[in-house]
Amino acid sequence: MSERSDKSSGPDVRVLPVDRWAAVVTDAWVERLSARPSLRMCLPTGSTPLPVYAEMRSRQVSWAAAEVLLLDEWVGLPPSEPGGCDATLRRELLDRVDLPPDRYRPIHADAPDLSAECGAVDAWLDGGLDLAILGVGVNGHLGMNEPGTPAENRTHLATLAASTIDSAAAYFGDRPRPAHGVTVGLTDLLAAREVWVLATGARKAEIVRESLHGEARPAVPASLLSGHPNCVWWLDEAAAVSGLPRH
Ligand code: PGA
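Residues numbered from 1 in each chain as written. Predicted model: local features only at pLDDT ≥ 70, side-chain atom pairs only at ≥ 80, totals over all residues. Heavy atoms only, no water.

1. With respect to the site of the ligand
Phase 1 of the analysis: Around the ligand, the neighbouring residues are Gly-46, Ser-47, Thr-48, Gly-135, Val-136, Gly-137, His-141, Tyr-171, Arg-203 and Lys-204.
Phase 2 of the analysis: Taking Thr-48, its side chain carries an N or O atom lying 2.5 Å from an oxygen atom of the ligand.
Phase 3 of the analysis: Between the ligand and Tyr-171, the relevant distance is 3.0 Å, taken from an oxygen atom to a side-chain nitrogen or oxygen of the residue.
Phase 4 of the analysis: For the ligand, whose free accessible area comes to 280 Å², the fraction covered by protein is 85%. (Near = heavy atom within 4 Å. Polar contact = N/O pair within 3.5 Å; in protein donor to acceptor, adjacent residues only side chain to side chain. Areas by Shrake-Rupley, 256 points an atom, 1.4 Å probe, with all protein chains shown as cover.)

Below, the structure written as structure tokens:
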């Protein structure tokens, strides 16, 4: 296998050729689901995980006993907006595996009482999270935990950073882009038994470098994962390379 793994000096970083990245991540995911069919997972959307979800759809592994929580959701979407996180996760993965509908917990960001909804998501999280799969924003956000979010936060309404709103153009086109979201908080992500960060492409190289090698601080939420005992960074070669000097 051409995968490079470096656990000797801190975080577990796996660097893969781009053409094998999704298959290798999916192999590990199938292995986790097979070993623990009742795996409780928190799953992201965004563009990064889509090749993994496509790969997972073709695998022979049962999701019948698993449980899934949506990582985050935009606030203020019109009904049936296809760019929503819930719509995306269903379309790309959940509608294509045998997960029973009642074993999926979306985030209802249109709930009339958002703080009650956040509390209900926290109650789900109180049951424990085996695996949190995350992307990372170019600004280091995890879910919609933007730079500066306190690590103690649980599920909450978040004001989105400008770079997050910009990146939403990929999902919403010319339609109005949300300025807020509801996200699982850092405290629960950091408490997951296992965390995976997925990052691909050169545009992620600098934030990957900063998160892995910079000081752990709330200004770079992904850097806080350096304190997690069981966190794997799944990178393709472009995301793993940064010519910028370390500081
Ligand atoms: P992306 O988003 O996968 O579309 O790059 C990741 C994120 O913002 O968390």
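2. A look at the packing of aromatic side chains
Phase 1 of the analysis: Scanning all chains against the criterion turns up 6 aromatic pairs.
Phase 2 of the analysis: Ring centres 6.0 Å apart and planes at 45 degrees place the aromatic pair Trp-29 and Tyr-53 in the tilted group. Separated by 24 residues along the polypeptide, Trp-29 in helix α1 (residues 18-35) and Tyr-53 in helix α2 (residues 50-57) bring together distant segments of the chain. Each member of the pair, Trp-29 as well as Tyr-53, is classed as buried. (Phe/Tyr/Trp six-rings, centres within 6.5 Å; stacked < 30°, edge-to-face > 60°. Helix = DSSP H or I, 4+ residues; strand = E, 2+ residues; numbered from the N terminus. Buried < 20%, exposed > 50% of the residue type's maximum accessible area, 1.4 Å probe, protein only.)

3. Quick notes on α1
Phase 1 of the analysis: Between its terminal C-alpha atoms α1 stretches 27 Å, which fits the 26 Å expected from 18 residues at 1.5 Å a residue.
Phase 2 of the analysis: Within α1 the residues assigned to the buried category are Trp-21, Ala-22, Val-24, Val-25, Thr-26, Ala-28, Trp-29, Val-30 and Leu-33.
Phase 3 of the analysis: In this structure, the buried side of α1 is in contact with β2 (12-16), β3 (40-43), α2, β7 (131-134), β10 (194-199) and β11 (231-236). (Expected span 1.5 Å × (residues − 1). Contact = heavy atoms within 4.5 Å.)

4. Focus: the pattern of salt bridges
Phase 1 of the analysis: Applying the stated criterion to the full structure yields 20 salt bridges.
Phase 2 of the analysis: Arg-217 is the salt-bridge partner of Glu-210, the closest N and O atoms lying 3.0 Å from each other.
Phase 3 of the analysis: What makes Glu-210 buried here is its relative accessible area of 9%.
Phase 4 of the analysis: By relative accessible area, Arg-217 is classed as partly exposed at 26%.
Phase 5 of the analysis: Overlapping salt bridges bring together Asp-122, Asp-126, Arg-154 and Asp-188 as one network. (Salt bridge = Lys/Arg side-chain N within 4 Å of Asp/Glu carboxyl O.)

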